[in-house]
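Examining the three-dimensional arrangement
As a plain string of letters, each chain reads:
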Amino acid sequence: MRLLYRLQRWLLAPLVYLAALLLLLEDWLWNIGASIMNRLAQWPPLHRLEAWICRLGPKAALVLFVLPATLLFPVKLLALWAMAHGHPVLGLTVIVLAKLGGAAAVARLYLLTRPVLLTIVWFAALLAWFLALKERWIARLRATRAWRKVDALRKALRHWRQHAVPRPRSWVARFRRLLKRFRHTR
């Protein structure tokens, strides 16, 4: 029994790490999508639409929350079809854009409908279970030696980038000045 458990852990560990990496990627896309949708929501027609979404009941909010994934599924199938028929770049581009657009839409819809969705008992329980599972997998990934090494390298690179002094006329110095000007105009 112990050998079976070890074998199972050994075989499933790469899948757990891959799933954790995908969840981190999804979190990153979620954050980017949410920030983009926050900016778009300042447009008056979208602002009115969001106010209407916030007033929906639980069932309508659930349908609306599931809608982007449902609508994008045929698009992803068409992208796979394009890839199978000799258009891999087009298919991959469509899948990436659908993933980005879907993540942005779902992130915003989740923020708008979350209070109502959490009134649905099974949804709240499923969400709590999923978030706990996600945290366990990500913690397991972050505990690996490879993650710690990559994280240390990332921190060292960030430190170097922030403290390195570029030559005054280099493209890096010009780019930093441009970024500084852009930050001050906001």
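Remember, it's a predicted structure, so these values are computed and weren't measured experimentally.

1. Structural notes on the pattern of salt bridges
In total, this model carries 3 salt bridges according to the counting rule given. With a closest N to O distance of 2.8 Å, glutamate 50 and arginine 108 form a salt bridge. Pair noted here: glutamate 50 is in helix H2 (residues 44-54) and arginine 108 is in helix H4 (residues 88-117), with a separation of 58 residues, a long-range link. On the accessibility criterion, arginine 108 (12% relative accessible area) is buried.

2. Quick word on the nonpolar core
Within the largest apolar cluster, 10 residues are counted, these being Ala61, Leu62, Phe65, Val106, Tyr110, Val116, Leu117, Ile120, Phe123 and Leu127. Here this core takes 4 residues from H4, the largest share from any one element. With residues up to four places along the chain from it excluded, the contact list for isoleucine 120 reads Pro58 and Leu62.

3. Quick look at the packing of H2 against H4
Axis separation between H2 and H4 bottoms out at 9 Å; the angle between their running directions is 30 degrees. Compared by their axis directions, H2 and H4 come out roughly parallel. Contacts between H2 and H4 pair Glu50, Ile53 and Cys54 from the former with Arg108, Leu109, Leu112, Thr113 and Val116 from the latter. For the contact of H2 with H4, the per-class residue count stands at 5 nonpolar, 1 polar and 2 charged.

4. Re the packing of helix H3 (residues 58-84) against H4
Where H3 meets H4, the axes come as close as 9 Å, and the angle between the chain directions of the two elements is 175 degrees. Taken as axis vectors, H3 and H4 run roughly antiparallel relative to one another.

5. Concerning the side chain of lysine 134
Note that lysine 134 resides in helix H5 (residues 121-142). Excluding residues within four positions of it along the chain, lysine 134 makes contact with Leu23 and Asp27.

6. Focus on a nonpolar patch on the surface
Together, Leu15, Leu18, Leu22, Leu25, Trp28, Ile32, Ile36 and Leu40 line one region of the surface with nonpolar side chains, adding up to about 760 Å² of accessible area. Within the fold, leucine 25 resides in helix H1 (residues 2-40). Overall, leucine 25 belongs to the partly exposed group, its relative accessible area being 42%.

7. Regarding the confidence of the model for the chain
Per-residue pLDDT for the chain averages 80, and the proportion of residues at 70 or more is 93%. Here H1 stands out as the least confident element of the chain, with mean pLDDT 72; H5 is the most confident, with 88.

8. Focus on the side chain of threonine 113
Relative to the elements of secondary structure, threonine 113 occurs in helix H4. Take threonine 113: its relative accessible area is 0%, and that puts it in the buried class. A distance of 2.6 Å separates the side chain of threonine 113 from the backbone oxygen of leucine 109, its partner in a polar contact. The contact partners of threonine 113, leaving out residues within four places of it in the chain, are Ile53, Ala61 and Phe65.

9. So, H5
Here H5 spans 32 Å end to end across 22 residues, near enough to the 32 Å set by a 1.5 Å rise per residue. Along H5, the residues that are buried comprise Phe123, Leu127, Leu133, Lys134, Ile138 and Leu141. Along the axis of H5, the buried residues cluster in a sector spanning 135 degrees; they form a single face. Opposite its buried face, H5 presents the exposed residues Val121, Trp129 and Arg136, each directed more than 90 degrees away.

The rules behind the values
- Along every chain, residues carry numbers that run from 1 in the direction the sequence is written.
- The model is predicted, so local features are restricted to residues of pLDDT at least 70 and side-chain atom pairs to those at 80 or more, both for listing and for counting; the totals for chains, interfaces and linings are taken over all residues.
- As a rule here, side-chain values cover all heavy atoms of the structure and leave hydrogens and water aside.
- For salt bridges, the criterion is a side-chain nitrogen of Lys or Arg within 4 Å of an Asp or Glu carboxyl oxygen.
- Where helices and strands are cited, they refer to DSSP runs of H or I of at least four residues and of E of at least two residues respectively, numbered from the N terminus.
- Relative accessibility under 20% of the residue-type maximum defines a buried residue, over 50% an exposed one, and the middle range a partly exposed one, all with a 1.4 Å probe and only protein chains included.
- Only buried Ala, Val, Leu, Ile, Met, Phe, Trp, Tyr and Cys residues count toward a nonpolar core, and they belong to the same one when joined by side-chain atoms within 4.5 Å.
- Note on contacts: a residue pair is in contact if any heavy atoms of the two residues lie within 4.5 Å.
- Every axis corresponds to a line fitted to the C-alpha atoms, with the helix fit spanning only the stretch in contact, and the corresponding angles, defined between N-to-C directions, vary from 0 to 180 degrees.
- The scheme is simple: roughly parallel for angles under 35 degrees, roughly antiparallel for over 145, roughly perpendicular for 65 to 115, oblique for anything else.
- In this classification, Asp, Glu, Lys and Arg are treated as charged, Ala, Val, Leu, Ile, Met, Phe, Trp, Tyr, Cys and Pro as nonpolar, and every other residue, Gly included, as polar.
- Each patch groups residues whose relative accessible area exceeds 30% and which form no salt bridge, using 9 Å between like charges and 5 Å between nonpolar side chains of Val, Leu, Ile, Met, Phe, Trp and Tyr.
- For the accessible areas, the method is Shrake-Rupley and the probe is 1.4 Å, while residue cover comes only from the protein chains on display.
- Per-residue confidence from the predictor is reported as pLDDT, a score between 0 and 100.
- The definition of a polar contact used here is a pair of N or O atoms within 3.5 Å, where within protein one atom must be able to donate a hydrogen and the other to accept one, and adjacent residues in sequence count solely through side-chain atom pairs.
- A helix is expected to reach a length of 1.5 Å times the quantity of its residues less one.
- Arc, as used here, means the arc of the directions from the helix axis to the C-beta atoms.

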